[in-house]
4 protein chains.
Amino acid sequence: MSSSYGENIRLTIFGQSHSRAIGMTLEGVPAGSRIDLAALERFLARRAPGRNAYSTARKEADKPEFVSGLLEGVSCGAPITALIWNTDVRSADYTAIRDIPRPGHADYTAQVKYGGAQDCAGGGHFSGRLTAPLCIAGGICAQLLAAEGVRIYSRIAAIGGIADRGPLLAPTAEKDFPVVDDAQGEKMLERIAACKAAGDSVGGLVECVLDGLPAGLGDPMFDGMENRIAAIVFGIPAVKGIEFGAGFAAAEMTGSENNDAFCLQDGEIRTKSNHCGGILGGITNGMPLRFRVAIKPTPSIAQAQQSVDLRTGEAVTLHVPGRHDPCIVPRALPCVEAAAAVAVYDALLGRRKERG
Amino acid sequence: MSSSYGENIRLTIFGQSHSRAIGMTLEGVPAGSRIDLAALERFLARRAPGRNAYSTARKEADKPEFVSGLLEGVSCGAPITALIWNTDVRSADYTAIRDIPRPGHADYTAQVKYGGAQDCAGGGHFSGRLTAPLCIAGGICAQLLAAEGVRIYSRIAAIGGIADRGPLLAPTAEKDFPVVDDAQGEKMLERIAACKAAGDSVGGLVECVLDGLPAGLGDPMFDGMENRIAAIVFGIPAVKGIEFGAGFAAAEMTGSENNDAFCLQDGEIRTKSNHCGGILGGITNGMPLRFRVAIKPTPSIAQAQQSVDLRTGEAVTLHVPGRHDPCIVPRALPCVEAAAAVAVYDALLGRRKERG
Amino acid sequence: MSSSYGENIRLTIFGQSHSRAIGMTLEGVPAGSRIDLAALERFLARRAPGRNAYSTARKEADKPEFVSGLLEGVSCGAPITALIWNTDVRSADYTAIRDIPRPGHADYTAQVKYGGAQDCAGGGHFSGRLTAPLCIAGGICAQLLAAEGVRIYSRIAAIGGIADRGPLLAPTAEKDFPVVDDAQGEKMLERIAACKAAGDSVGGLVECVLDGLPAGLGDPMFDGMENRIAAIVFGIPAVKGIEFGAGFAAAEMTGSENNDAFCLQDGEIRTKSNHCGGILGGITNGMPLRFRVAIKPTPSIAQAQQSVDLRTGEAVTLHVPGRHDPCIVPRALPCVEAAAAVAVYDALLGRRKERG
Amino acid sequence: MSSSYGENIRLTIFGQSHSRAIGMTLEGVPAGSRIDLAALERFLARRAPGRNAYSTARKEADKPEFVSGLLEGVSCGAPITALIWNTDVRSADYTAIRDIPRPGHADYTAQVKYGGAQDCAGGGHFSGRLTAPLCIAGGICAQLLAAEGVRIYSRIAAIGGIADRGPLLAPTAEKDFPVVDDAQGEKMLERIAACKAAGDSVGGLVECVLDGLPAGLGDPMFDGMENRIAAIVFGIPAVKGIEFGAGFAAAEMTGSENNDAFCLQDGEIRTKSNHCGGILGGITNGMPLRFRVAIKPTPSIAQAQQSVDLRTGEAVTLHVPGRHDPCIVPRALPCVEAAAAVAVYDALLGRRKERG
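Residues numbered from 1 in each chain as written. Chains lettered and ligands numbered in written order. Predicted model: local features only at pLDDT ≥ 70, side-chain atom pairs only at ≥ 80, totals over all residues. Heavy atoms only, no water.

1. Notes on the overall build of chain A
Convention followed: Note on conventions: DSSP H or I runs of at least 4 residues are helices, E runs of at least 2 residues are strands, and numbering of each starts at the N terminus. Values of the radius of gyration come from C-alpha atoms, whereas the globule rule sets the reference at 2.2 Å times the count of residues to the power 0.38. Any two residues whose heavy atoms approach within 4.5 Å at even a single point are treated as in contact. What sets the accessible areas is the Shrake-Rupley method with a 1.4 Å probe; for residues, cover comes only from the shown protein chains. The positive count covers Lys and Arg only, the negative count covers Asp and Glu only, and His and the chain ends enter neither. To locate a charge, take atom NZ for lysine, CZ for arginine, CG for aspartate or CD for glutamate.
The secondary structure content of chain A amounts to seven helices and 18 strands. Its C-alpha atoms give chain A a radius of gyration of 21 Å, within 12% of the compact-globule value 21 Å for 356 residues. Along the three orthogonal principal directions, the C-alpha set of chain A runs to about 70 × 50 × 35 Å. Taking as baseline every contact in chain A between residues at least 6 positions apart, the subset at least 24 positions apart corresponds to 67%. Accessible surface for chain A amounts to roughly 11,300 Å². Of this, 51% is attributable to carbon and sulfur atoms. Of the side-chain charges in chain A, 36 are positive and 39 negative, and the distance between the mean point of each set is 2 Å.

As structure tokens, this is what we get:
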């Protein structure tokens with residue numbers, strides 16, 4: 001099903017941008033798992049808008065209300081459901097979307113698919129707002145993974161072609177602008193500011209690492225770690241590409257360059273390089289799992305754009321109203337981490353079946 | 001399940017490189033669908049090795065034997081199962097793999113996962129040979145899509161950093177070396193030859209297009225076309241990245257550059273550019289669906305490599321015996337097309353549920 | 001996943017007897033489907049307790065609050081989620097359940113499964129209360145089936161061995177005690193009253209019919225209509241058996257008695273008898289689909305019972321406190337109809353995939 | 001998918017009665033599991049026809065050929081696929097089935113569903129012959145369960161209303177006619193002989209027990225043990241009902257009669273009676289899991305029957321040619337055991353996910 005993910009745990013996301021509430025159900029969390037709800041809210045806060053100059057001013061509390069599955073913060077074995085109430089419901093800002101689709105948005109395809117019954121307000125079920133319930137599920141799974149010694153972290157790897165520098169070896173989440181090299185971060189912020197001033201937006205890259213994974217997670221063929229992670233990460237709106245380890249750069253390399261030699265280090269089998277991104281044959285090899293995600297520029301821009309009135313077929317010059325986020329890449333970081341956490345925790349539960 | 005894919009049709013792949021047979025079962029093909037078996041064999045021949053100088057010399061007939069589901073080439077509604085018998089079974093070439101894993105292969109991770117019970121001969125279930133049953137399923141789905149007006153084609157987009165030139169507008173499958181610009185193809189062939197001479201291998205890019213798709217296929221969130229295609233394409237060994245439309249390049253663009261303006265053309269809603277690769281909100285918009293796949297260099301190379309003897313922990317200089325394919329990118333083309341065909345045909349059947 | 005059901009639509013149920021809320025998410029309802037919410041509430045009212053002398057006095061409004069997926073009663077294509085808020089939360093009545101399991105309840109097995117983390121209050125996720133969200137989903141599916149000409153109805157077929165008389169040809173839902181033969185109904189009510197007076201409970205049978213189904217729904221083998229319906233009906237607590245058509249009686253018959261002869265009636269292929277219950281080879285044949293369900297007596301009784309203190313292993317005489325429902329069979333009717341509606345509507349959507 | 005079953009292992013069955021081969025793929029068997037192939041063949045022999053006077057004379061070897069997933073009888077982690085070659089292919093016996101459907105068979109419903117493309121020879125994919133691959137999978141799972149201390153056995157509980165006597169406490173598989181009370185077995189055999197002489201057939205009941213199961217298998221709601229077992233058992237042709245523990249008899253009981261009191265026995269929590277059939281809230285309680293299955297009489301009988309010519313709508317008196325099995329109940333025993341083994345082994349793997 002379209003809004004569900006997972007084999008061993010099962011995440012279901014519901015809600016539209018302007019429905020009464022959005023939320024998620026997470027089935028299969030082992031009973032007795034303690035969830036730190038305060039830590040979860042801090043994780044969610046990283047996704048929230050309005051934190052600084054480069055994101056939209058709309059204020060959302062995004063505080064999840066758990067209605068089932070937890071007893072005083074401990075999972076009881078039943079499905080965990082949490083809601084986030086929408087306070088900003090049914091505004092009049094978006095009424096024209098059904099007839100005059102915004103370029104880069106799902107307005108047109110949703111109109112074709114749902115025969116006009118779509119809830120187009122604020123992007124409906126396609127809205128980036130629906131990444132909030134993803135972050136609830138991912139924040140829970142990240143805590144469960146942390147209890148197994150797995151750390152997940154990410155950075156802004158590039159904005160509009162300006163790349164961060166240096167390897168990603170530790171979390172950047174405490175930083176106001178989560179890059180490794182702050183000087184490059186300054187240039188990225190300038191780029192964002194310039195786009196904002198021009199009524200435009202800009203895309204970027206997110207890099208994510210999962211450290212401390214045991215070897216042996218994932219499965220051959222269609223349940224490899226790449227398949228599993230890609231299948232959920234593309235559920236984040238605006239993601240248009242994903243690569244693992246060297247990724248697209250591997251396509252330019254020779255085998256002798258790209259192959260990661262095995263070695264013994266502190267009694268553990270390791271590899272000298274990590275071009276494979278910690279995954280061989282779909283299965284983790286015990287090295288850090290690394291992947292990068294391409295985020296397209298926010299399609300909502302202030303500049304005039306060309307569209308068509310679906311009722312008449314006439315060309316229309318469209319001005320999308322409202323304040324726009326000139327760059328969603330910073331807010332995408334917790335979403336990418338969340339998606340990875342769900343995928344990897346699912347694989348970890350699956351691994352248990354193999355060991356009596 | 002790891003070796004199965006699909007919601008509305010269901011593909012299951014079985015077999016190991018050196019088991020008695022490999023094969024596939026495809027459930028859910030509507031009864032009464034006529035399959036052109038001769039055309040299917042021609043499709044499979046594109047994947048076969050030993051066709052020319054740049055691929056391995058091992059000869060495989062790869063002729064599928066259909067044991068169920070088809071009556072004189074017409075689907076009867078029951079699962080379709082086809083086998084390819086392995087003639088090259090249980091050779092002695094690979095015995096050391098269990099103990100001394102080859103860099104870049106799944107030998108080590110399979111050993112961890114299966115506790116030593118893995119069938120390591122020829123790569124077992126992880127072998128590229130298992131793309132043959134994928135191509136059977138994909139070849140069938142491609143025929144079913146063709147009957148709905150959908151054409152699938154692909155090209156070698158780059159080898160070792162040498163890129164093809166010009167847009168991909170038509171099939172290249174009839175070409176001996178499937179690129180658009182033959183001059184660039186010559187350079188790629190030289191690159192492959194040089195790698196072969198050096199006992200090395202080289203990676204590359206595959207671009208794939210699905211033309212003639214109706215708008216409205218795919219679903220929001222985790223069943224978007226990107227999710228569906230990525231979830232199967234990463235099942236092809238050696239794939240390390242995927243991007244749709246502008247993909248990673250979109251991350252360097254502004255919204256005003258990347259957004260595809262809507263227009264009316266011959267009475268149809270179209271977009272003036274196609275940076276989104278024919279997909280908005282996970283759903284096809286009626287423009288060609290385009291994606292590119294990064295293929296890492298073949299991990300089997302003749303050069304000496306560093307590994308570890310898992311029994312003793314000692315460092316070992318490994319020489320992988322046998323003839324190696326210096327570049328598998330050409331053979332990956334039908335595999336990528338096949339994977340896309342399965343994913344898209346599944347989405348097309350899913351679309352039918354929405355329309356009474 | 002345990003609390004989810006369906007292939008073409010997907011129902012997920014969440015909540016515990018005493019959690020903040022219970023509810024359901026229904027994915028895959030085609031966009032543009034109009035739901036009559038007033039009719040849905042009338043359907044739910046049939047399941048509500050406290051309607052008359054033979055059910056518990058606990059009052060529940062059971063009014064669903066839809067938080068997503070519906071726009072003014074019309075499905076928008078996104079998952080439909082509805083909640084029922086629990087007003088009767090965290091009472092102190094049930095604290096001993098964790099340690100001294102009630103016979104006939106899931107207390108003990110939940111304790112083993114969840115290692116003591118279970119939410120045992122009121123039966124937790126195992127509570128009959130969780131059939132309310134099932135009825136929301138089933139009520140929606142029943143409306144969607146009605147729009148296709150399918151009527152679903154049921155009756156109390158027996159209470160404590162006292163059987164209803166005459167065939168079930170029309171709905172009994174308007175009746176205060178839904179049987180065909182009211183004289184038999186009186187005897188059943190006397191039986192229930194006697195059990196209540198004795199601090200005991202009693203079981204019974206529910207018969208359910210789906211009329212107006214097209215031939216061709218369902219699939220061979222594991223997705224036959226029997227499999228699909230049984231897989232959801234056993235999700236109703238207290239169900240211990242199911243039979244289709246003649247069912248267990250068919251086991252006493254000869255082939256010449258049991259086989260349903262084909263005939264032509266008003267230009268339609270029909271059968272002269274309907275021992276198969278409208279299903280042949282798992283697929284509907286156009287005759288009414290009939291099945292019967294065995295409901296065990298409510299395990300909560302006022303009489304003293306033998307149990308064991310799990311902490312000490314000592315035998316304990318247990319008195320289950322609170323008011324008990326002496327017979328849940330009448331309230332099971334809408335639940336059985338709901339389960340059947342979900343299963344059959346799922347099969348109906350699946351059927352659409354086969355027809356271009 | 002229709003011909004697949006399972007969450008943690010996945011069984012896919014393919015083939016038609018007269019296709020080149022029938023077979024099965026079983027995914028998810030943990031690597032390193034040893035399968036006793038000789039014991040498996042003995043298990044399959046119990047299903048084979050032609051063993052004695054009361055079954056059809058058609059000879060089938062039904063020897064499975066494993067083409068993948070096993071290395072010298074040990075699972076390697078890849079999907080296990082086995083074929084049984086059909087030697088009796090495409091006989092001319094069944095040509096009229098497409099147009100004149102046999103009462104009690106799937107001929108008519110398959111014709112509606114598949115629009116005439118069905119493989120009707122011998123019942124196609126609906127044939128009882130397809131229980132042979134089910135028995136391969138079930139025989140494997142039964143061995144894996146035996147290694148965990150679980151024994152599965154069954155008996156003929158009744159034929160045509162003549163019931164076996166005494167409780168089922170031990171396997172009957174070694175008996176020529178697998179009942180507990182041989183005197184009752186004699187009467188059943190006479191009943192079968194009388195039906196055969198009359199050109200008729202007769203139905204019956206199968207009782208199945210799983211002994212030695214740990215408490216805690218299965219899940220609440222739709223993945224309870226009843227749901228799981230019913231969902232696969234109804235995949236055996238001719239099954240029209242299933243009941244667990246007291247089953248339909250429980251519907252006639254009071255709560256004080258039906259509730260199973262807990263007690264301590266040899267340091268284990270047990271119940272004094274077992275009306276629940278070893279399942280409470282969908283989860284095993286450590287007592288023997290017991291269920292009974294209603295098998296309708298074989299629809300193929302020698303007597304003349306009424307049908308309709310689908311081409312003309314004319315009433316037809318039908319004589320089904322060939323030798324018929326007057327009673328398939330004895331052959332159904334290993335099928336029911338196999339189905340239960342697959343369902344329960346799947347639940348057992350699922351249970352492992354909950355325990356780190």
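2. Quick notes on the packing of aromatic side chains
Defined as follows: Ring pairs are drawn from Phe, Tyr and Trp, using the six-membered ring of Trp, whenever the two centres fall within 6.5 Å, and their geometry is named by plane angle: stacked under 30 degrees, edge-to-face over 60, tilted for the rest. Exposed residues in this analysis have more than 50% of their type's maximum accessible area, buried residues have under 20%, and partly exposed residues fall in between, with area computed by a 1.4 Å probe over protein chains only.
The full count for this structure, using the stated rule, is 24 aromatic pairs over all chains. Ring centres 6.5 Å apart and planes at 50 degrees place the aromatic pair D:Tyr114 and D:Phe126 in the tilted group. On the criterion of sequence distance, the pair formed by D:Tyr114 in helix H2 (residues 107-114) and D:Phe126 in the loop between H2 and helix H3 (131-146) is long-range, its members being twelve residues apart. Judged on exposure class, the residue D:Tyr114 and its partner D:Phe126 are both buried. By the ring-pair criterion, three or more aromatic residues cluster together here, those being A:Phe234, B:Phe244 and B:Phe291.

3. Some details on the interface of chain B and chain A
Selection criterion: The working definition used for a salt bridge is a side-chain nitrogen of Lys or Arg within 4 Å of a carboxyl oxygen of Asp or Glu.
In this assembly, 98 residues from chain B lie in contact with 97 residues from chain A. Remark: the boundary between chain B and chain A carries six salt bridges. Two residues, B:Lys113 and A:Asp219, come together in a salt bridge whose shortest N-O distance is 3.1 Å. The dominant element in the side of chain B that touches chain A, judged by the number of residues it contributes, is strand S11 (residues 239-244) of chain B, at six residues.

4. Overview of the pairing of strand S8 (residues 151-159) of chain B
Residue and element names in this part refer to chain B. Rule in force here: Between any two strands, pairing holds if DSSP finds at least two bridges.
In terms of burial, S8 is a largely internal element, eight of the nine residues being buried. Examined bridge by bridge, S8 and strand S10 (residues 204-211) share eight bridges and lie antiparallel to one another. In the sheet register, Tyr153 faces S10, and the bridge partner there is Val209. The pairing of S8 with strand S9 (residues 162-163) spans two bridges and is antiparallel. Bridging from a neighbouring strand, Ala158 pairs with Ala163 of S9. In this structure, the hairpin formed by S8 and S9 is closed by a connection of two residues, where Gly160 is found at a positive phi of approximately 50 degrees.

5. Some remarks on the sheet that holds strand S4 (residues 65-68) of chain B
Residue and element names in this part refer to chain B. Strand order in the open sheet formed by five strands is S1-S2-S3-S7-S4, and the pairing between neighbours is antiparallel. Of all strands in the sheet, those with a lone pairing partner are strand S1 (4-5) and S4, marking the two edges. Pairing geometry for S4 and strand S7 (residues 80-85), over three bridges, is antiparallel. Among the inter-strand pairings, Phe66 is bridged to a residue of S7, identified as Ala82.

6. Observations regarding the environment of C:Thr254
The residue C:Thr254 is located in the loop between strand S11 (239-244) and helix H6 (255-258) in this model. Given a relative accessible area of 7%, C:Thr254 falls into the buried group. A sequence separation of 158 residues divides C:Thr254 from C:Ala96, and the C-alpha atoms of the two residues are 52 Å apart. If we skip the residues at most four places from it in the chain, C:Thr254 touches D:Arg191, D:Cys195, D:Asp200, D:Ser201, D:Val202 and D:Pro297.

7. Digging into the confidence of the model for chain A
Applicable threshold: Each residue gets a pLDDT score, which is the predictor's confidence in that residue and runs from 0 to 100.
For chain A, the average pLDDT comes to 93, and 94% of its residues sit at 70 or higher. Predicted as a complex, the structure gets a pTM of 0.97 and an ipTM equal to 0.97.

8. Details of the relation of the copies chain B and chain A
Convention followed: Residues reaching a pLDDT of at least 70 in both copies supply the C-alpha atoms on which the copies are superposed by least squares.
Here chain B sits on chain A after a turn of 180 degrees about the axis and a move of 0.0 Å along it, with an RMSD of 0.0 Å. The superposition operator between the copies reduces to a two-fold rotation axis. Both copies present the same face, since 99% of the interface residues in chain B are matched by interface residues at the equivalent positions in chain A.

9. Overview of the pattern of salt bridges
A complete count under the given rule lists 88 salt bridges over all chains for this structure. A salt bridge links B:Arg228 to B:Asp346, with the nearest nitrogen and oxygen atoms 2.9 Å apart. In this pair, B:Arg228 is assigned in helix H5 (residues 225-233) and B:Asp346 in helix H7 (residues 329-352), connecting sequence segments 118 residues apart. Ionic pairing is found between C:Lys175 and C:Asp182, a salt bridge with its closest N-O pair at 2.9 Å. The network of salt bridges with shared partners includes A:Lys113, B:Asp219, B:Asp223, B:Arg228, B:Asp346, B:Arg351 and B:Glu354.

10. A few points about unusual backbone geometry
Residue and element names in this part refer to chain D. One non-glycine residue, Glu72, adopts positive backbone phi at about 50 degrees. Relative to the elements of secondary structure, Glu72 occurs in the loop between strand S5 (70-71) and strand S6 (74-75). A positive phi angle, close to 65 degrees, is found at Met221, a residue other than glycine. For Met221, the location among the structural elements is in the loop between strand S10 (204-211) and helix H5 (225-233). Met221 sits in the buried class, given a relative accessible area of 11%.

11. Quick look at the state of the cysteines
In a disulfide, the sulfur atoms of two cysteines are covalently bonded to one another. Residues and elements named next belong to chain A. Applicable threshold: Only a pair of cysteine sulfur atoms within 2.5 Å counts as a disulfide in this structure description.
Evaluation of the coordinates by the stated rule reveals zero disulfides over all chains. We note that Cys195 lacks a disulfide partner, and the nearest cysteine sulfur, in Cys327, lies 8.0 Å from it. The thiol of Cys263 is not disulfide-bonded; the next cysteine sulfur, from Cys276, is found 12 Å away. Residue classification places Cys263 among the buried positions, given a relative accessible area of 12%.

12. With respect to helix H2 (residues 107-114) of chain C
Of all eight residues that make up H2(C), seven are buried, and the element is covered over most of its length. All buried positions along H2(C) are accounted for by C:Asp107, C:Tyr108, C:Thr109, C:Ala110, C:Gln111, C:Lys113 and C:Tyr114. In the core, the buried residues of H2(C) are packed alongside strand S12 (262-265), strand S13 (268-271), strand S14 (279-280), strand S15 (283-284) and helix H7 (329-353) of chain D. Two residues or fewer past H2(C), C:Gly115 is found with a positive phi of approximately 55 degrees.

13. A few points about the side chain of C:Thr12
What counts is decided by this rule: Any pair of N or O atoms that falls within 3.5 Å is considered a polar contact. Within protein, one atom must be able to donate a hydrogen and the other to accept it, and sequence-neighbouring residues count only if both atoms are side-chain atoms.
Mapped onto the secondary structure, C:Thr12 falls in strand S2 (residues 10-14). In this structure the side chain of C:Thr12 is engaged in a polar contact, spanning 3.0 Å, whose partner is the side chain of C:Ser4. Not counting residues up to four positions away in its chain, the partners in contact with C:Thr12 are A:Thr12, A:Thr25, A:Glu27, C:Ser3, C:Ser4, C:Gly23, C:Met24 and C:Thr25.

14. Structural notes on the interface of chain D and chain A
Short version of the rule: The term buried area denotes the loss of accessible surface (1.4 Å probe radius) that occurs when two parts are joined, taken as the sum for both partners. Gly counts as polar in this scheme, as do all residues outside two lists: the nonpolar Ala, Val, Leu, Ile, Met, Phe, Trp, Tyr, Cys and Pro, and the charged Asp, Glu, Lys and Arg.
In this complex, chain D contributes nine residues to the contact, which on the side of chain A involves nine residues. Roughly 720 Å² is buried in total at the junction of chain D and chain A, and carbon and sulfur atoms are behind 52% of that figure. Inspection of the chain D/chain A interface yields zero salt bridges. Here chain D and chain A share four residue pairs in polar contact (both at pLDDT 80 or more) between them. For the side of chain D that touches chain A, a count of residues per class yields two nonpolar, two polar and five charged.

15. Topic: the relation of the copies chain D and chain A
For the pair chain D and chain A, the relating rotation is 180 degrees, the translation along its axis is 0.0 Å, and the fit reaches an RMSD of 0.0 Å. In this assembly, 100% of the residues forming the interface of chain D have copies in chain A that are likewise at the interface, indicating an isologous arrangement.

16. Description of the sheet that holds S9(B)
Strands sit in the order S9(A)-S8(A)-S10(A)-S16(A)-S11(A)-S11(B)-S16(B)-S10(B)-S8(B)-S9(B) across an open sheet of ten strands; the sheet is antiparallel. The sheet is open, and its two borders are formed by strand S9 (162-163) of chain A together with S9 of chain B, each paired with just one other strand.

17. Focus on the packing of H3(D) against H7(D)
All names here are of chain D. Note the cut-off: In this analysis, axes come from line fits to C-alpha atoms, helices being fitted only over the stretch in contact, and the angle between any two N-to-C directions falls in the range 0 to 180 degrees. Reported orientations rely on four angle classes, namely roughly parallel under 35 degrees, roughly antiparallel over 145, roughly perpendicular from 65 to 115, and oblique for the rest. A crossing counts as left-handed when the near helix is turned anticlockwise from the far one by less than a right angle, and as right-handed when that turn is clockwise.
Look at H3 against H7: their axes get within 7 Å of each other, and the N-to-C directions meet at 50 degrees. Judged on the interaxial angle alone, H7 and H3 are oblique. As for the relative orientation of H3 and H7, their crossing is left-handed in sense. The segment H3 lies against H7, with Thr131, Leu134, Cys135, Ala137, Gly138, Cys141, Ala142, Leu144 and Leu145 engaging Pro334, Cys335, Ala338, Ala339, Ala341, Val342, Val344, Tyr345 and Leu348. Broken down by class, the residue content of the contact of H3 with H7 amounts to 16 nonpolar, two polar and no charged.

18. Concerning the environment of C:Phe248
Looking at the element boundaries, C:Phe248 is found in the loop between S11 and H6. Distance in space between the C-alpha atoms of C:Phe248 and C:Ala294 is 12 Å, their sequence separation being 46 residues. If we ignore the near neighbours within four places in the chain, the residues touching C:Phe248 are C:Ile242, C:Glu243, D:Leu205, D:Gly241, D:Ile242, D:Glu243, D:Phe248, D:Arg292, D:Val293 and D:Ala294.

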